[in-house]
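Secondary and tertiary structure notes
As a plain string of letters, each chain reads:
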2 protein chains.
Amino acid sequence: MTQLQPVLLSGGSGTRLWPLSREAYPKQFLPLGGRDTMVQATWRRVEPLTSLPPLVVANEDHRFLVAEQLRQIKAPQPRILLEPVARNTAPAIAAAALCALEDGADPLLLVLPSDHVISNPQAFRDAVEQAIPAAEAGALVTFGVVPSSPETGFGYIQAGGGQGAQPVLRFVEKPDAQTAARYLAEGSYFWNSGMFLFKASRYVEELQKFNPQMVAAVRTSLEKAKRDGDFIRLDKEAFTASPSDSIDYAVMEKTADAKVLPLDVGWNDVGSWSALWEVTDKDANGNACAGDVITIDTHNSYVYAESLVALVGLDDVVVVETDDAILVARKDRVQEVKKVVAQLKHDERSQAVLHRKVYRPWGAYDSIDMGARFQVKRITVNPGATLSLQMHHHRAEHWIVVSGTAEVTRGEEVILLTENQSTYIPLGVTHRLKNPGRLPLELIEVQSGSYLGEDDIVRFQDQYGRS
Amino acid sequence: MTQLQPVLLSGGSGTRLWPLSREAYPKQFLPLGGRDTMVQATWRRVEPLTSLPPLVVANEDHRFLVAEQLRQIKAPQPRILLEPVARNTAPAIAAAALCALEDGADPLLLVLPSDHVISNPQAFRDAVEQAIPAAEAGALVTFGVVPSSPETGFGYIQAGGGQGAQPVLRFVEKPDAQTAARYLAEGSYFWNSGMFLFKASRYVEELQKFNPQMVAAVRTSLEKAKRDGDFIRLDKEAFTASPSDSIDYAVMEKTADAKVLPLDVGWNDVGSWSALWEVTDKDANGNACAGDVITIDTHNSYVYAESLVALVGLDDVVVVETDDAILVARKDRVQEVKKVVAQLKHDERSQAVLHRKVYRPWGAYDSIDMGARFQVKRITVNPGATLSLQMHHHRAEHWIVVSGTAEVTRGEEVILLTENQSTYIPLGVTHRLKNPGRLPLELIEVQSGSYLGEDDIVRFQDQYGRS
């Protein structure tokens, strides 16, 4: 039997679920459906189907997040293809297919966006098994979600009927409300979910037929890729030369071998705060509350609180509180959150891109206070991780360890610090911070100086390729 | 001519404008009407009318706030009567009257709640001048606000007509909507504002007539008061023995000498978020926004932001964001904020009483981060101020000065620290922090230990009477 190679697409711009998601930390990295993040849940959902490790296609900027989140759930060592620029799904999947073909096998690619919720994973796995025969026979199978409402925000697929994977009659664009209602009534229309199953070779063949230039560009970018541990960095020049297109336009709508497998597994793309409200457990008043929330006569609302949020006399609102931005919106207007993000981007505000807590390959930092000539950060260093050997021209730093153990290089000396011990790094002194222990290291850094920007850093050595 | 003695009543429970106001920091201490706090604005409004310093009646817990805020605007050295328990306005004003009579004079008391907004202070002063002849002739004058709407939240005063201070025909309780509309139409009804003008002796005389027990109790509490700088601490046992009553019930509704002076000066008691919205300048969409606010298709709303608040598609809401609590309410339901505060009090949550930033006689501290065995505070010490000589049993402290100069007593040694210098206070070591300079001292304190509660403190000496 042909091997099944799950391909996790880690895309997403972080706009629609702002302020919880940000450009640097989009929704697939958030635990929106439960304890796991969405990328973790995506892997766990398919892990029982295969003995192969995940193949991931991710944005260069998210590489450490993907790797760390898969490591946390003890996923087998993944291959992570890094896109130097965004070129939509067709080239991304082409890179995955060519990569999967490299070792001589021709696995079935199970292509999965990593930011969807599926409430019934066993039913999903059953559906995948049902699609396998058609895919092994050379079909390009898409999974079509059985519609539960006359949704106007999705494209639809009309199926030809029959058992298992059905022939695709046509793909249709997002319909108006009346058309959507008709599709729902007719029963042969399904939502286009963006999940696929096909042989790697068949996808490449069909793409070669319709867009040879794309295959050539992606092939070159993979041949010239830099391999760096788990990461496969696609060559920028070659990948940039590829046309940008979705798999639907580039292949699925053109191929004669498209099939669709109906899927009734509690799927939700969590494409907005109102969609998240729908998939979240609600109290007797219809409120979905996460965190410390007090509601007085409030109904059918979604509330996410990091500190304390109190609502009085409101219906159908969304309130999302993070430590540096708060959204309050009418639940049926949450699509317009993108206007807020657009304005923040226009104004070059950090809240469009970053959370207050910023993730780094070695851990994270959170800017907990700031004044005219000082800044206070809480720094978390993962076990075994090491920051770059560095120096600052404009600031001195006090470090106080509050948890775990730090190995501090300061000029020529190397010292060990543990809880309730501190050190001082004068301006201009070369230094390095390492967590030599088995537990996370947490320290408070107090910076003093006339300029405190992140760009006042001279890196001499870096184990993450940043020097 | 008789002297005019402004009496500032600094009451307020901090409930109705939660979370901006808290029990320990109620609304008179907030700059809700502009740059000045409301207590500061109250003094500035009457300062041109008199050469006497303010006489303040305040809650014991707010004594340093009152003193500091008056000092900031260079008000002449006030006398501050401290109520050991709340007994409503009649005993508070009796204490002020007896205190004003102490030095042999018999000034006109101008009694002013310190948490109201008056947009036309000159018109207010003109009104006070108009009321003086009646008060000098022995009348107890109340100021009646010319109603601008059929308000059901205020008591009303019916006036007998005429120029200047008019005879009071009757006081009436908060009316229903229909009655309020009739009062508004008739033109002889005024809102009971809680502001008064009368001779100190006349108030005491009338109160003696109707409630001699109250006068006796307050007189004893003043005789036994502890005088401590600006503070006059009324004797607790005696003051507690006083009946609790409002000046309206205890005196104004009973005296034959009540008069009312109509007041049309842009008065607002800012008794709710919707009242604050009314008195605040609004943009073209009717939104009153303070701080960093983005509104998308939002109208007639009040928004206060300490970080960043974005609103999408909302009308008539109130959003108030502070660093440890956020309120989102329908504007016509803001009275129910008190239910939120009641729940927080019931649950013994600090957000009912304190802000994250806590004011102390020597300055303030703000708890900027906290973990299992550590806490980080930003500490501000006013110029010349000194914290108590103290010791902790369960925590060690790292101090890093980020602005100004610190004089640190640590065991036997005394050291000076300036920006970018630090010290360490081991657990159990007696220490003291002083700001010997002319600028505020700011330092970051990192506490480490197994117990970090505010009550782990042994005070050996304290210049604020807390040891």
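None of the values given here were measured: they were computed from a predicted structure.

How each quantity is defined
- Residues numbered from 1 in each chain as written.
- Chains lettered and ligands numbered in written order.
- Predicted model: local features only at pLDDT ≥ 70, side-chain atom pairs only at ≥ 80, totals over all residues.
- Heavy atoms only, no water.
- Pairing = 2+ DSSP bridges.
- Helix = DSSP H or I, 4+ residues; strand = E, 2+ residues; numbered from the N terminus.
- Axes fitted to C-alpha atoms, helices over the stretch in contact; angles between N-to-C directions.
- Buried < 20%, exposed > 50% of the residue type's maximum accessible area, 1.4 Å probe, protein only.
- Contact = heavy atoms within 4.5 Å.
- Buried area = accessible area lost by both parts, 1.4 Å probe.
- Salt bridge = Lys/Arg side-chain N within 4 Å of Asp/Glu carboxyl O.
- Polar contact = N/O pair within 3.5 Å; in protein donor to acceptor, adjacent residues only side chain to side chain.

Thoughts on the sheet that holds strand S20 (residues 374–381) of chain A
Residue and element names in this part refer to chain A. Pairing is antiparallel across the open sheet formed by 6 strands, whose spatial order is S18-S19-S20-S27-S22-S25. A single partner strand is all that each edge strand has here, and the edge strands are strand S18 (357–360) and strand S25 (422–425). Across the sheet, the mean angle from the axis of one strand to that of its neighbour is 20°, orientation sign disregarded.

Examining unusual backbone geometry
Residues and elements named next belong to chain A. Across the junction of Trp18 and Pro19, the peptide omega takes the value 10°, indicating a cis bond. Looking at the secondary structure, you find Pro19 in the loop between strand S1 (4–10) and helix H1 (38–46). One non-glycine residue, Glu348, lies in positive phi territory at about 55°. Summarising the element assignment, Glu348 is placed in the loop between helix H11 (337–346) and S18. Here Glu348 falls in the exposed class, since its relative accessible area comes to 73%. The phi dihedral of Asn420 falls on the positive side, at around 75°, and the residue is not glycine. Structurally, Asn420 is set in the loop between strand S24 (413–418) and S25.

Remarks on the interface of chain A and chain B
Interface size is often expressed as the accessible area that is lost when the parts come together. Between chain A and chain B, the contact holds 52 residues from the first and 53 residues from the second. In total, chain A and chain B occlude about 4,400 Å² of area from one another, counting both sides; carbon and sulfur atoms represent 61% of this. Ranking the residues of chain A by area buried against chain B places Val312, Ile326 and Val328 of chain A at the top, with a combined share of 14%. Applying the counting criterion to the chain A and chain B interface returns 8 salt bridges. One salt bridge in this structure joins Asp369 of chain B and Arg378 of chain A, with 2.9 Å as the shortest N-O distance. Where chain A touches chain B, the interface holds 25 residue pairs in polar contact (both at pLDDT 80 or more). In terms of residue count, strand S15 (residues 302–312) of chain A provides more of the side of chain A that touches chain B than any other element does, 6 residues in total.

From the geometry alone we can't say anything about function, so treat these as descriptive.
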